[in-house]
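One-letter residues, chain by chain:
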Amino acid sequence: MLQHAHPAKFVAEILGILWCTYFLWIHNWIGAVISSLIFFLGSTIALWNKPIDDLAETALGKIMLVYATPSNFVIYNLSALPVIYGLWMHRGPYIVAGYSLLLLPHLWAWKR
């Protein structure tokens with residue numbers, strides 16, 4: 001999870017989300033898959049074996065470490081499903097529900 005806190009990977013993932021959102025909205029699932037692979041997998045491969053230990057002390061690193069527990073990691077990954085469905089069907093409540101689920105672990109993490 002800490003690799004997601006790298007500034008280059010973070011920007012690549014934001015770009016991937018934007019392009020994937022566009023392609024899902026216009027019902028082009030092939031474009032969504034390809035853009036996801038390019039940005040998400042590409043940024044992971046580009047940063048492979050790069051030192052990331054120092055990222056734990058950054059603000060973004062601390063935010064990403066919230067998802068390092070098994071239950072929060074499951075929530076992190078499952079939160080994409082209602083967002084994807086909502087974008088495909090043009091249903092705002094599903095999109096909001098998915099992103100709300102994504103942010104839910106922070107309610108417990110920052111309470112401590």
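Residues numbered from 1 in each chain as written. Predicted model: local features only at pLDDT ≥ 70, side-chain atom pairs only at ≥ 80, totals over all residues. Heavy atoms only, no water.

Colleague: Give a description of the environment of Leu 15 that names residues and reports values.
Modeller: By the secondary structure assignment, Leu 15 is in helix α1 (residues 7–25). Each C-alpha atom, one on Leu 15 and one on Asn 72, is 23 Å from the other, the two residues being 57 residues apart in sequence. (Helix = DSSP H or I, 4+ residues; strand = E, 2+ residues; numbered from the N terminus.)

Colleague: Help me get a handle on the environment of Ile 95, residues and values and all.
Modeller: The topology assignment puts Ile 95 in helix α6 (residues 92–109). C-alpha separation for the pair Ile 95 and Leu 81, spaced 14 residues apart in sequence, amounts to 9.1 Å. Beyond its immediate sequence surroundings of up to four residues, Ile 95 is in contact with Trp 25, Pro 82, Val 83, Gly 86 and Leu 87. (Contact = heavy atoms within 4.5 Å.)

Colleague: Go over the packing of aromatic side chains with me, naming the residues and quoting the values.
Modeller: In total, this model carries six aromatic pairs according to the counting rule given. One aromatic cluster is present, formed by Trp 19, Tyr 22 and Phe 23 through successive ring pairs. (Phe/Tyr/Trp six-rings, centres within 6.5 Å; stacked < 30°, edge-to-face > 60°.)

Colleague: Talk me through the nonpolar core; I want residue IDs and the actual numbers.
Modeller: Judged by nonpolar contacts, Cys 20, Phe 23, Leu 24, Ala 32, Val 83, Leu 87 and Ile 95 together constitute the single largest core of seven residues. Of all the secondary structure elements, the ones that give two or more residues to this core are α1 and α5 (80–89). Apart from residues lying up to four places away in sequence, Ala 32 is in contact with Cys 20, Phe 23 and Leu 24. Judged by nonpolar contacts, the second largest core, of six residues, contains Leu 2, Ala 56, Met 64 and Tyr 67. (Core = buried A, V, L, I, M, F, W, Y, C linked by side-chain atoms within 4.5 Å. Buried < 20%, exposed > 50% of the residue type's maximum accessible area, 1.4 Å probe, protein only.)

Colleague: Can you explain the packing of helix α4 (residues 70–78) against α6? Please cite residues and give values.
Modeller: Close contact between α4 and α6 brings their axes to 8 Å; oriented N to C, the two are set at 160°. Classified by the angle their axes make, α4 and α6 are roughly antiparallel. Pair α4 / α6 crosses with left-handed handedness. The segment α4 lies against α6, with Asn 72, Ile 75, Tyr 76 and Leu 78 engaging Leu 101, Leu 102 and Pro 105. Looking at the contact of α4 with α6 residue by residue, the classes come out as six nonpolar, one polar and no charged. (Axes fitted to C-alpha atoms, helices over the stretch in contact; angles between N-to-C directions. Parallel < 35°, antiparallel > 145°, perpendicular 65-115°, else oblique. Left-handed = near helix turned anticlockwise from the far one by under 90°. Nonpolar A, V, L, I, M, F, W, Y, C, P; charged D, E, K, R; others polar.)

Colleague: Describe the layout of surface pockets, naming the residues involved and giving the relevant values.
Modeller: The computed volume of the largest pocket comes to approximately 750 Å³. Listed by contribution, the elements that provide at least two residues to the lining of the largest pocket are α1, α2 (29–46), α3 (59–65), α4, α5 and α6. When the residues that make up the lining of the largest pocket are grouped by side-chain class, the tally is 17 nonpolar, eight polar and one charged. (1 Å grid on protein atoms, 1.4 Å probe; cavity = no way out; pocket = protein on both sides within 12 Å on 5 of 7 lines; lining within 4 Å. Points joined across faces, edges and corners; volume = space filled by probe spheres on them.)

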